[in-house]
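# Observations on the model geometry
Here are the chains, one letter per residue:
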Amino acid sequence: MSSDAQIVEVLSKVTTATITTILLKKGLRNVWLRRTRPLRPGQPRIVGRAFTLRFVPAREDLATPESWSSPTSTRAAIEAMPAGCIAVVDAMGVTDAGIFGDILCARMAKKGVAALVTDGVVRDVAGVLGTGLPVWCQGAAAPPSVAGLTFVAWQQPIACGGVAVFPDDVIVVDEDGAVLIPAALLETVLELAPEQERFEGWIMEEVGKGAALPGLYPPNAENKARYEASKG
């Protein structure tokens, strides 16, 4: 079984687009987390294990500023996050309450959390950007989380962007958004992804030389043979 360092080494060189193609060939169509866009353009590709957090709709007796001091709070969840994880937050797509602001993101960055991914929004955007924590989300909203959400749990299965995310699934994020690799298929993706990247790089070279797409992408027997010969 590959170590986390090996997983990061391999997948940091593989686009989320390539990963979705590989998983599609394995029968998985729903692995791209909708409404997860990079908060800052040019953020690097990041790979990490999912650390999940879940919100439900706000209920007035539970979603209060006092709840931030509860043992079941986003503050407690952040303290449980290991270095290198990607925090994946189910905000049910709510866009009028920010799940985290600059202080919470600063603490995550200090703990070595690799990134934050949510189908919701953040608040204190200038401050969040200043923490250096890479964030993928729908944007920003000024109100705090309790204005529209109740935090209920961490490290449980969640739905984020319409995708089922389990703790320790692998998340890859880049300019195209966030993609999930189920833990059970991780080794398969690690085996196939580098070769898929090499093959598509060869196709791009051929297109640059003026080659037509029919018979090239996907390749016929002749072009498969040419590709294999190019590797030698």
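Structure: see above.
From a predicted model like this one, the values you see are computed outputs, not experimental measurements.

## Focus: the packing of helix α1 (residues 4-11) against helix α6 (residues 186-208)
It is the contact of α1 with α6, at a shortest axis distance of 10 Å, that shows an interaxial angle of 35°. Here the hand of the crossing between α1 and α6 comes out left-handed. For the pair α1 and α6, the contacting residues are Ile 7, Val 10 and Leu 11 in the first and Leu 186, Val 189, Leu 190 and Pro 194 in the second. In terms of residue class, the contact of α1 with α6 is made up of 7 nonpolar, no polar and no charged.

## Side note on the packing of helix α2 (residues 16-25) against α6
Geometrically, a packed helix pair is captured by the angle between its two axes and the distance between the axes. Where α2 meets α6, the axes come as close as 10 Å, and the angle between the chain directions of the two elements is 120°. Taken together, the axis directions place α2 and α6 in an arrangement best described as oblique. Judged by the twist between their axes, the crossing of α2 over α6 is right-handed. Contacts from Thr 18, Thr 21, Ile 22, Leu 23 and Lys 25 in α2 reach Val 189, Leu 192, Ala 193, Gln 196, Glu 197 and Glu 200 in α6.

## Here's the deal with the environment of Gly 139
Take Gly 139: it is sitting in the loop between β6 (135-137) and β7 (149-154). Through-space distance from the C-alpha of Gly 139 to that of Val 121 is 5.0 Å; in sequence the pair is 18 residues apart. Leaving out residues up to four positions away in the same chain, Gly 139 has contacts with Gly 120, Val 121 and Val 122.

## A word on the packing of aromatic side chains
Using the criterion set out here, one finds 5 aromatic pairs in the structure. With 6.4 Å between their ring centres and 20° between their planes, Phe 199 and Trp 202 make a pair best called stacked. One end of the pair is Phe 199 and the other is Trp 202, both in helix α6 and 3 residues apart, which spans about a single turn. Like Trp 202, Phe 199 is buried. Clustering of aromatic rings is evident, with ring pairs tying together Phe 55, Phe 151 and Trp 154.

## Things to note about the pairing of strand β3 (residues 46-57)
Sheet topology note: the β3/strand β10 (residues 170-174) ladder contains 4 bridges and is antiparallel. Within the sheet, the bridge partner assigned to Arg 49 lies in β10 and is Val 170. Pairing analysis gives 5 bridges linking β3 to strand β4 (residues 86-90), with the strands arranged parallel. Paired with Arg 54 across the two strands is Asp 90, which belongs to β4. With helix α3 (residues 74-79) bridging β3 and the parallel β4, this β-α-β connection has right-handed handedness. Relative to β7, β3 runs antiparallel, the two sharing 5 bridges.

Scoring rules and cut-offs
Residues numbered from 1 in each chain as written. Predicted model: local features only at pLDDT ≥ 70, side-chain atom pairs only at ≥ 80, totals over all residues. Heavy atoms only, no water. Axes fitted to C-alpha atoms, helices over the stretch in contact; angles between N-to-C directions. Helix = DSSP H or I, 4+ residues; strand = E, 2+ residues; numbered from the N terminus. Left-handed = near helix turned anticlockwise from the far one by under 90°. Contact = heavy atoms within 4.5 Å. Nonpolar A, V, L, I, M, F, W, Y, C, P; charged D, E, K, R; others polar. Parallel < 35°, antiparallel > 145°, perpendicular 65-115°, else oblique. Phe/Tyr/Trp six-rings, centres within 6.5 Å; stacked < 30°, edge-to-face > 60°. Buried < 20%, exposed > 50% of the residue type's maximum accessible area, 1.4 Å probe, protein only. Pairing = 2+ DSSP bridges. Right-handed = clockwise from strand over helix to strand, strands pointing away.

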